[in-house]
Amino acid sequence: MAKAPVLTPQSEDFPRWYQDVLNKASLAENGPVRGTMVIRPYAYALWERMVSEVDARIKATGAENAYFPLLIPESYLHREAEHVEGFSPELAVVTHAGGKELEEPAVVRPTSETVIGEYMAKWVQSYRDLPLLLNQWANVVRWELRPRLFLRTSEFLWQEGHTAHATAADASSYARRILDEVYADFMVEVLAIPVHTGVKTAAERFAGAINTLACEAMMRDGKALQMGTSHELGQNFARVFDIGFSDSDGNQQLCWTTSWGVSTRMMGGLIMAHGDDSGLRVPPRLAEVQVVVMVVRDGDDGEVSDAARVLVQRMADLGVRARLDDRVDVQFGRRATDWELKGVPLRVELGPRDLAESTAVVARRDTSTKGPVGIDGLAASVPDLLDEIQASMLADATERRDDHTFDVAGIEEALEATETGFARIAWADLGVEGEARLASDAVTVRCLQDAAGGVPSDPDAPGVTAIVARAY
RNA sequence: CGGGACGUGGCGCAGCCUGGUAGCGCACCUGCUUUGGGAGCAGGGGGUCGGGAGUUCAAAUCUCCCCGUCCCGACCA
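Asks: An account of the pairing of strand E18 (residues 359-364) is requested, with residue identities and associated values reported.
Replies: The side chains of a regular strand alternate between the sheet's two faces. Counting buried positions along E18 yields six of six residues, so the element is predominantly enclosed. As defined by bridge partners, strand E17 (residues 346-350) adjoins E18 across four bridges and the pair is classed as antiparallel. Looking at the pairing, Arg347 lines up with Ala363 of E18. Bridge analysis of E18 against strand E19 (residues 369-374) gives six bridges, and the strand direction is antiparallel. By the bridge assignment for E19, Ala363 is matched with Lys370. Between the end of E18 and the start of E19, which pair antiparallel, lie four residues, with Ser368 showing a positive phi angle near 55°.

Asks: Please give an account of the protein's contact with RNA strand B that cites residues and values.
Replies: Neighbouring RNA strand B are 44 residues; Val6, Arg34, Gln226, Arg347 and Asp354 lie closest to it. Each atom of RNA strand B within 4 Å of the protein was classed as base or backbone; sugar and phosphate made up 44%. Within the backbone of Val328, one N or O atom sits 3.1 Å away from a base oxygen of RNA strand B. At 2.8 Å from a base nitrogen of RNA strand B is found a side-chain nitrogen or oxygen belonging to Lys370. Put simply, the parts of the chain that give the surface near RNA strand B at least two residues each are helix H1 (14-24), strand E11 (224-234), helix H10 (332-342), E17 and helix H11 (352-356). Across the surface near RNA strand B, the residue classes break down as 18 nonpolar, eight polar and 18 charged.

Asks: I'd like a rundown of empty space enclosed by the protein, residues and numbers included.
Replies: In the structure shown here, the tally under the stated rule is two cavities of 30 Å³ or more. In this model, the largest cavity occupies a volume close to 60 Å³. Along the walls of the largest cavity sit Glu113, Ile116, Gly117, Met120, His162, Thr163, Leu233, Phe237, Ile243, Thr257 and Thr258, which together make up its complete lining. Secondary structure elements with two or more residues in the lining of the largest cavity: helix H5 (113-123), strand E8 (155-165) and strand E14 (256-263).

Asks: With reference to specific residues and values, describe the layout of surface pockets.
Replies: The calculated volume of the largest pocket comes to roughly 1100 Å³. Of the residues in the lining of the largest pocket, the class split is 13 nonpolar, 13 polar and 11 charged.

What counts as what
- Residues numbered from 1 in each chain as written.
- Chains lettered and ligands numbered in written order.
- Predicted model: local features only at pLDDT ≥ 70, side-chain atom pairs only at ≥ 80, totals over all residues.
- Heavy atoms only, no water.
- Buried < 20%, exposed > 50% of the residue type's maximum accessible area, 1.4 Å probe, protein only.
- Helix = DSSP H or I, 4+ residues; strand = E, 2+ residues; numbered from the N terminus.
- Pairing = 2+ DSSP bridges.
- Near = heavy atom within 4 Å.
- Polar contact = N/O pair within 3.5 Å; in protein donor to acceptor, adjacent residues only side chain to side chain.
- Nonpolar A, V, L, I, M, F, W, Y, C, P; charged D, E, K, R; others polar.
- 1 Å grid on protein atoms, 1.4 Å probe; cavity = no way out; pocket = protein on both sides within 12 Å on 5 of 7 lines; lining within 4 Å.
- Points joined across faces, edges and corners; volume = space filled by probe spheres on them.

This is the structure:
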């Protein structure tokens, strides 16, 4: 029997669809204070998986985790002119505590360059102390005018890396390494989301940075989402926080610093890059639940449940994150729909009829296809099948993005192309004036790329392309 | 913060124009029948109608102010 769609179709109203997914899949809701967010268990489990994957990659680059305070003396923010200017509109400031007014107000960190800079200055004395590679997992607060769950909330969770280096070249290559080996690798390999890596224009640069690198992804509505950034801060922060060292010749020198981060915004990216009209689609490598084994219904002796349990155990033995769903008191259709909403990559349906034929029905979430499979070899085939789903999701997302990317020659064409996707235009043709012109129509330069599609060494060199789009 | 739309049980809505102090669908609870794609029947619980002030014998309904949500702009991970 035909049922009303569970979610507002994407084609009808994408923002509404997004809201529906958050609600129906029990992912997140608004907190009581405007702009704040409650992350529900299933979504938080996905975030924890992101954290562990990203954290491992960060550590592989040599950085170590530390923790710095939530509250920062307001004066710290004022030391770097562009930095304050960039952040002051969105600062939350604590002026009273312990029942009285504070001598110096404390800002709730919007990012931690300033406190960390203060401590780096203490810890770095010699070139032997460099590079100093720090990272922290924390919450930050940036008061937002237009909050949207996961994409733009006043408080969000993230990782912020802060490093100090002896030379500009070392800082630059490290910032680049984070972008490629940590962020892009994670997004492509785990999230199955293709990203453009490139450099930001001066207009889009981080407050206080000399260079900002970014990973940009396309959502299913053709809009862009910045999924991660890595900044070269030059000596701006080193200068104001006095992060210096003695080089091997005994000369006093100033450090070169970087900072880089990814946040809970990636959850929004995951939802909007892969989700379809049936709900979320989670790539297997990220999925907290990779396979759900559903007992369709059970016989009197419980043999279907027993067989399902055996399947789950076999999969678990192979390292698959498998879960049993034996809530036979809940309608099958309801449970199936619910797992689809939650985007579990693979569903195995087992009922008396299957068991009698020694088969089970295997349903793929990514392709919405299903069919019977012999029960004996099933568990053993799952790891490969999950790999196939992972690859297929990335291929799909890449194809979708490329189909919605257009090479254009002028502003008018760019505006038209960005109605449905990305436009690529020669940076030399667009220029700062063109960028401003596009901005008046809410279209921005997402990043600049060299001819090979990589981060350009010189943004103003010939052959550099601007990827422009509407963005979240 | 500028423009637009909207706030009515958990969610989605009707009622408002033409004031008479709430109703529908889903969800929830109980029972029975069901269970291979969001079940059926019967019974039941839950709402100071976003908040405040005003008009009135009487306000979800009319007036004013505030708050919030969503969309479109200015800013950002």
